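What follows is the residue order along each chain.
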Amino acid sequence: MKKIIPHLWFDKEAKESAEFYVSVFPNSKIKNHSVIKGTPSGDCDIMSFDLGGEPFMSISAGPYFKINPSVSFMVNFDPNKDTDAKENLTKTWEKLVDGGKEMMPLQEYPFSKWYGFCEDKYGVSWQLILTDPGGEDRPFIIPSLLFVGSSYGKAEEAGDYYLTVFNQKNGQAKLGQRVKYGAGAEPNKEGTVMFSDFKLWDTWFTAMDGGGEHKFAFNEAVSFMVTCDNQEELDYFWEKLSHVPEAEQCGWCKDQFGVSWQVVPKAMNEMMEKGTPEQNKRVTEAFLKMKKFDIAKLEEAYNG
C-alpha cells in the first residue's frame, strides 16, 4: 500500500463519485466503504478505491470545502503501453466532461499531440494527456499542483521543500523534470515553473505555476494522506507539514504553501477497518478531540 494517498472531500457524493470513477478508469475498484458516525457533520461515508491501479480515498463530510482546479489529476495515456491510447483518452474524456466543463479543450498542443483539461460533474479536475513514450516511466494517474494567487511563483520552492522533507526521513524522494518559462510567456513570469514533477516515497506529483487571475486556491477539499508507521514518524511529518495552526484538526494540517495534508497513523486505518461498531465509536470520539494524532490514546480508546 502506498504511503501517500490523495483524499477528496465531498458534501454527500463520496460513494456516488467513487462508483463513477471506478466505471470510467481501467484497473479500478472499490476497496472499502465504511461509515464514521457521530461526527460534527453527522454520519460520514468513507471510501477507499483504486483508479488505474492508484489508491484514492474520499469522505462525505458536509459542504465545508469545495474541490477546485488547484489540485487536478494528470492521466497519462502512453502509446508505448496502449496502441489505442489516443482513442481511449478520447473515450475517457467524453465520460469525464459529461455534466462537467472544459478547462482546456481536447486538441493538439505544443506539449502534446492530444490533451484536454476538464472538471467533472463532481468538481474534480482532470488533465488527460497523450504522453511521449520515451524517458522514465510514470504512473497512469498523478496528482498535479497548480500554484496561483498568493502561492504563484512558489512551485519550485514547494517542490524543493517537499523533496527535502521526505529525503531527510528516508532518502526516497527525487526530482524528475523541471521546465521554466522564458521571456515573453505572459501572463507567466520568466523563471517560474511551466512544468515539474517529483517523487515523494512511491508517489509522483506534478507542479506548475499559473499566471493570470484565478478565483481558486489550495484548500482542504483535496489533501494528501501521509501514512505513518509510528508516533516518531507522525511527529516528524506533522512538524514539517503543519504551518497554519488554525487549520489543524483531526490529523489535517496545512503547509506554508497552502497545500493540505493528513498525517495519520497506519494503526488507525487498521482499527477503523477491523473494529467493531463500538470500537469505531470510541476511536472516533477520541480522534475528534485531537489535532495531531496520538497513537497511544487511539489504541487505548480502541481497546476500551
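Note that the structure is predicted; figures quoted are calculated from it, not measured.

*Asks:* Account for the sheet that holds strand E12 (residues 203–209), naming residues and giving values.
*Replies:* Pairing within the open sheet is mixed, and its 8 strands lie in the order E6-E7-E8-E5-E9-E12-E11-E10. In this open sheet, the two edge strands, each paired with only one partner strand, are strand E6 (101–109) and strand E10 (173–180). Strand-to-strand twist across the sheet, computed as the mean angle between neighbouring axes with direction ignored, equals 20°. Pairing analysis gives 4 bridges linking strand E9 (residues 141–147) to E12, with the strands arranged parallel. Within the sheet, the bridge partner assigned to leucine 145 lies in E12 and is alanine 207.

*Asks:* Help me get a handle on the sheet that holds strand E4 (residues 54–60), residues and values and all.
*Replies:* Sheet architecture is open: 7 strands sit in the order E2-E3-E4-E1-E13-E15-E14, paired in mixed fashion. Only two strands of the sheet have a single partner each, and these edge strands are strand E2 (29–39) and strand E14 (252–254). When strand polarity is set aside, the average angle formed by the axes of neighbouring strands in this sheet is 30°. Alignment of strand E1 (residues 4–10) against strand E13 (residues 222–228), held across 5 bridges, turns out to be antiparallel.

*Asks:* If you had to explain the packing of helix H3 (residues 155–170) against helix H4 (residues 231–241) to someone new, which residues and values would you point to?
*Replies:* Close contact between H3 and H4 brings their axes to 11 Å; oriented N to C, the two are set at 160°. Relative to H4, H3 is oriented roughly antiparallel. The handedness of the crossing between H3 and H4 comes out as right-handed. When H3 is examined against H4, the residues Tyr161, Thr164, Val165, Phe166, Gln168 and Lys169 are found in contact with a partner set consisting of Glu232, Glu233, Tyr236, Phe237 and Lys240. Each residue belonging to the contact of H3 with H4 can be placed in one class, and the counts come to 5 nonpolar, 2 polar and 4 charged.

Cut-offs and rules
- Residues numbered from 1 in each chain as written.
- Predicted model: local features only at pLDDT ≥ 70, side-chain atom pairs only at ≥ 80, totals over all residues.
- Heavy atoms only, no water.
- Pairing = 2+ DSSP bridges.
- Helix = DSSP H or I, 4+ residues; strand = E, 2+ residues; numbered from the N terminus.
- Axes fitted to C-alpha atoms, helices over the stretch in contact; angles between N-to-C directions.
- Parallel < 35°, antiparallel > 145°, perpendicular 65-115°, else oblique.
- Left-handed = near helix turned anticlockwise from the far one by under 90°.
- Contact = heavy atoms within 4.5 Å.
- Nonpolar A, V, L, I, M, F, W, Y, C, P; charged D, E, K, R; others polar.

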